[in-house]
Number of protein chains: 2
Amino acid sequence: MNTNNYCVIMAGGIGSRFWPRSRTACPKQFLDILGTGRTLLQQTWDRFSQICPKKNIYIVSGTQYKDLIKQQLPEVAENNVLLEPMRRNTAPCIAYACYKIMARNPLANIVVSPSDHYIGDLTGFIKTIEKGLEFTATNNSLLTIGIKPTRPETGYGYIQIDGSNNENPLEINQITKVKTFTEKPILEMAKTFLETKEFFWNSGIFIWNVQSLVMAMKAHQPDIDILFSAGKDIYNTPKETEFINKIYSECTSISIDNGIMECAPNVYVIPAQFPWSDLGTWGSLYENSTKDINGNVIAGTKVFAENTNGCIISSSDAKLMIVNGLKDYIVAEADGMILIIPKKDEQSIKNIVNEVKINLGNDYV
Amino acid sequence: MNTNNYCVIMAGGIGSRFWPRSRTACPKQFLDILGTGRTLLQQTWDRFSQICPKKNIYIVSGTQYKDLIKQQLPEVAENNVLLEPMRRNTAPCIAYACYKIMARNPLANIVVSPSDHYIGDLTGFIKTIEKGLEFTATNNSLLTIGIKPTRPETGYGYIQIDGSNNENPLEINQITKVKTFTEKPILEMAKTFLETKEFFWNSGIFIWNVQSLVMAMKAHQPDIDILFSAGKDIYNTPKETEFINKIYSECTSISIDNGIMECAPNVYVIPAQFPWSDLGTWGSLYENSTKDINGNVIAGTKVFAENTNGCIISSSDAKLMIVNGLKDYIVAEADGMILIIPKKDEQSIKNIVNEVKINLGNDYV
């Protein structure tokens, strides 16, 4: 394995759209939500273990998840677990990891990946990542993995390429210059995106060499660059935690998409050669899970469904759950909290969780 | 109060159609299922306390409910709590109580009542019962309280009177001779019953003087009579429990309806002057409970329903229940067991509970 190849796994999300299964105290990435026997974080680790030397894999998460990470990934060295003292979105998270890696290896070539996604084909995944790493090793480019869209999804960001020279540009299957980065669109816009055949979904998996990332930070997020550059002699020393705790509160909270990818001129996309989902919602879990003959996805040993179709039923702690006569619903239970909602309304779960938090407090989210 | 008036409250049912709220370990009659602050048993006791001297009120139930009864009705003397060692349906239960009361007072005039019904108007109830007691005090009759039916209910038994001399016989509002007793009919038959205007619902509340009951037992259930007559010098002595435990296993299991009321020639009906429901199902609880503006009956403090209409939502032990987008469903939780079923399918709950018992064991029912 190329010892310049690194991986940064971002594991700081709180997965509120998977409530009540996903909780602040144990979010989605720490759950075996696909029922494979490994949590999503463990699966992400397993995948990257085949791409980078294990000592080159870093996990960034919140301080409160330290024990969960240690428990789920006992072989990861303490220095490879980066703990953010507060949530500051992805740009500071990525800066922390990349600047720290640069202090060790200025030739580092880095994949940055969420920890809670579904990847359908390991071979295709490795092929895509390796092709990307090969490209960024010798190019000053910010590379992102694009997913060919299959529906006008409003929950994802989109990546537009220049399709003027090609009848079906998404099929070219090669690394291509990005024209625009677009945030989650409204439905009408998403439909247009699908029709133009110039738009990939943004997977949130990025590849770059550390010098390119730092240059982009200097150009587009100079405040973040100044804060994290100041640590170059402190990373990987006993003073790192203190330093990070100090600068994080001063840090802008901004995503890498907004802060860098939308502004940088050197952004490229590589089409994914694997099925993918961000598993952002119960619906996307449904799409990517094995269904019973009635089209139900059922998780939980003591769940019995009758006259029930197209449902996702998840029971974690209930003694018994009997569901009769439901069609296209989410029925989720965990820790004595029960949610019943039509699948089509899953986007409102985030708001429901906010309401719960405001009205009942943190014990419920 | 007339010291010859007695009441026997039957509290041995297991209320399986209210599962999971009603459990074998704590059936419906021991629950405050209407949210009044008193359990159904306590409410039954409260009602009869206004009709008979309290020392004349007897409770018959299973041995396993001894503590629950003591807890809920601390003022009831131990000798007034009759514990059946096994379930033998209502005829032996009633025989036990009546033969025991006769040993104390051969002039006893007795109301026998279930413990788990809804009675909508206390004044009307007292009026009806007192009128009935007055009648049975001087007549060798078996009197039953009839309810004017409002729908072709298939969950109740029916009582036919002779309507040949009256255009609308159910409106006569006087004690009338019964022509037939009919068990739970199929829907078509129930519809016919409703149209003929000759049929009351059988409330399961009976009134008779003890001599009439004993004569009816001798005539129609001689085996039961022999068993319980043998105890006349044992009732109300320390040997009663041993005696009862011995004879119960020899006892036929038969209902008072099948065993006596359907055969006896001296059966009369008194129309109820009060709203009534047997609260036999979630649906009947729904009918008799206060609804919110969306027509939902919600029991449980941490239940939130949105876009939800016509539902009955009962949460006993859940930390939180959020229901979105349901119409005409039963959603019931208790002790970590959850049932979701359309209201129209509530008759299948009994079968579901049987399945649960067979497949998962007694801990679940």
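All figures in this text were calculated on a predicted structure; none of them were measured in a lab. (Residues numbered from 1 in each chain as written. Chains lettered and ligands numbered in written order. Predicted model: local features only at pLDDT ≥ 70, side-chain atom pairs only at ≥ 80, totals over all residues. Heavy atoms only, no water.)

### A word on helix H6 (residues 210-220) of chain A
All names here are of chain A.
And step 1. The set of residues buried in H6 consists of Val210, Ser212, Leu213, Val214, Ala216 and Met217.
And step 2. Close packing links the buried residues of H6 with helix H3 (90-104), strand S4 (109-114), strand S6 (142-147), strand S9 (199-209), helix H7 (222-229) and helix H9 (256-261).
And step 3. N-cap assignment for H6: the residue whose side-chain oxygen lies 3.0 Å from the backbone N of Gln211 is Asn209. (Buried < 20%, exposed > 50% of the residue type's maximum accessible area, 1.4 Å probe, protein only. Helix = DSSP H or I, 4+ residues; strand = E, 2+ residues; numbered from the N terminus. Contact = heavy atoms within 4.5 Å. Polar contact = N/O pair within 3.5 Å; in protein donor to acceptor, adjacent residues only side chain to side chain.)

### Concerning the pattern of salt bridges
And step 1. Considering all chains together, one arrives at 24 salt bridges over all chains under this definition.
And step 2. A:Glu240 serves as the salt-bridge partner of A:Lys100, at 2.7 Å between the closest nitrogen and oxygen. Separated by 140 residues along the polypeptide, A:Lys100 in helix H3 and A:Glu240 in helix H8 (residues 240-248) bring together distant segments of the chain.
And step 3. On the accessibility criterion, A:Lys100 (1% relative accessible area) is buried.
And step 4. For B:Lys344, the salt bridge identified is with B:Asp345, shortest N-O distance 3.3 Å.
And step 5. For B:Asp345, a relative accessible area of 24% puts it in the partly exposed group.
And step 6. Among the ionic contacts, a cluster of salt bridges with common partners joins A:Arg23, A:Asp335 and B:Lys319. (Salt bridge = Lys/Arg side-chain N within 4 Å of Asp/Glu carboxyl O.)

### Notes on the confidence of the model for chain A
And step 1. With 100% of its residues at a pLDDT of 70 or more, chain A has an overall mean of 94.
And step 2. At the level of chain-chain contacts, confidence expressed as ipTM amounts to 0.80, with global pTM at 0.82. (pLDDT = per-residue confidence, 0-100.)

### Some thoughts on the pairing of strand S14 (residues 312-315) of chain A
Residues and elements named next belong to chain A.
And step 1. Judged by which residues are buried, S14 turns out to be covered on both faces: Ile312 and Ser314 on one side and Ile313 and Ser315 on the other are all buried.
And step 2. Examined bridge by bridge, strand S12 (residues 297-299) and S14 share three bridges and lie parallel to one another. Opposite Val297, over in S14, you have Ile312 as the bridge partner.
And step 3. In this sheet, strand S16 (residues 329-334) lies alongside S14 in parallel orientation, the contact comprising four bridges. Its bridge partner lying in S16, Ser315 is registered against Glu333. (Pairing = 2+ DSSP bridges.)

### Topic: the relation of the copies chain B and chain A
And step 1. With an axial shift of 0.1 Å and an RMSD of 0.1 Å, the rotation relating chain B to chain A amounts to 180 degrees. Within this description, the copies of the chain are treated as partners about a two-fold rotation axis. Residue B:Gly336, judged by its C-alpha, is the member of chain B lying nearest the rotation axis, at 3.4 Å.
And step 2. Interface residue correspondence from chain B to chain A reaches 100%, placing this contact among same-surface, isologous pairings. (Least-squares fit on C-alpha atoms with pLDDT ≥ 70 in both.)

### A word on the interface of chain B and chain A
And step 1. Opposite the 30 residues of chain B that make contact, chain A presents 30 residues.
And step 2. In total, chain B and chain A occlude about 2400 Å² of area from one another, counting both sides; carbon and sulfur atoms represent 66% of this.
And step 3. At the junction of chain B with chain A, the criterion picks out two salt bridges.
And step 4. When the shortest N-O distance is used, the salt bridge between B:Lys319 and A:Asp335 registers 3.1 Å.
And step 5. At the junction of chain B with chain A, the criterion picks out 18 residue pairs in polar contact (both at pLDDT 80 or more). (Buried area = accessible area lost by both parts, 1.4 Å probe.)

### Describing unusual backbone geometry
And step 1. With an omega of 5 degrees, the peptide bond between A:Trp19 and A:Pro20 qualifies as cis.
And step 2. Within the element layout of this structure, A:Pro20 appears in the loop between strand S1 (5-10) and helix H1 (40-49).
And step 3. For B:Asp335, which is not glycine, the phi dihedral falls at a positive 50 degrees.
And step 4. As for its placement among the helices and strands, B:Asp335 is situated in the loop between strand S16 (329-334) and strand S17 (337-342).

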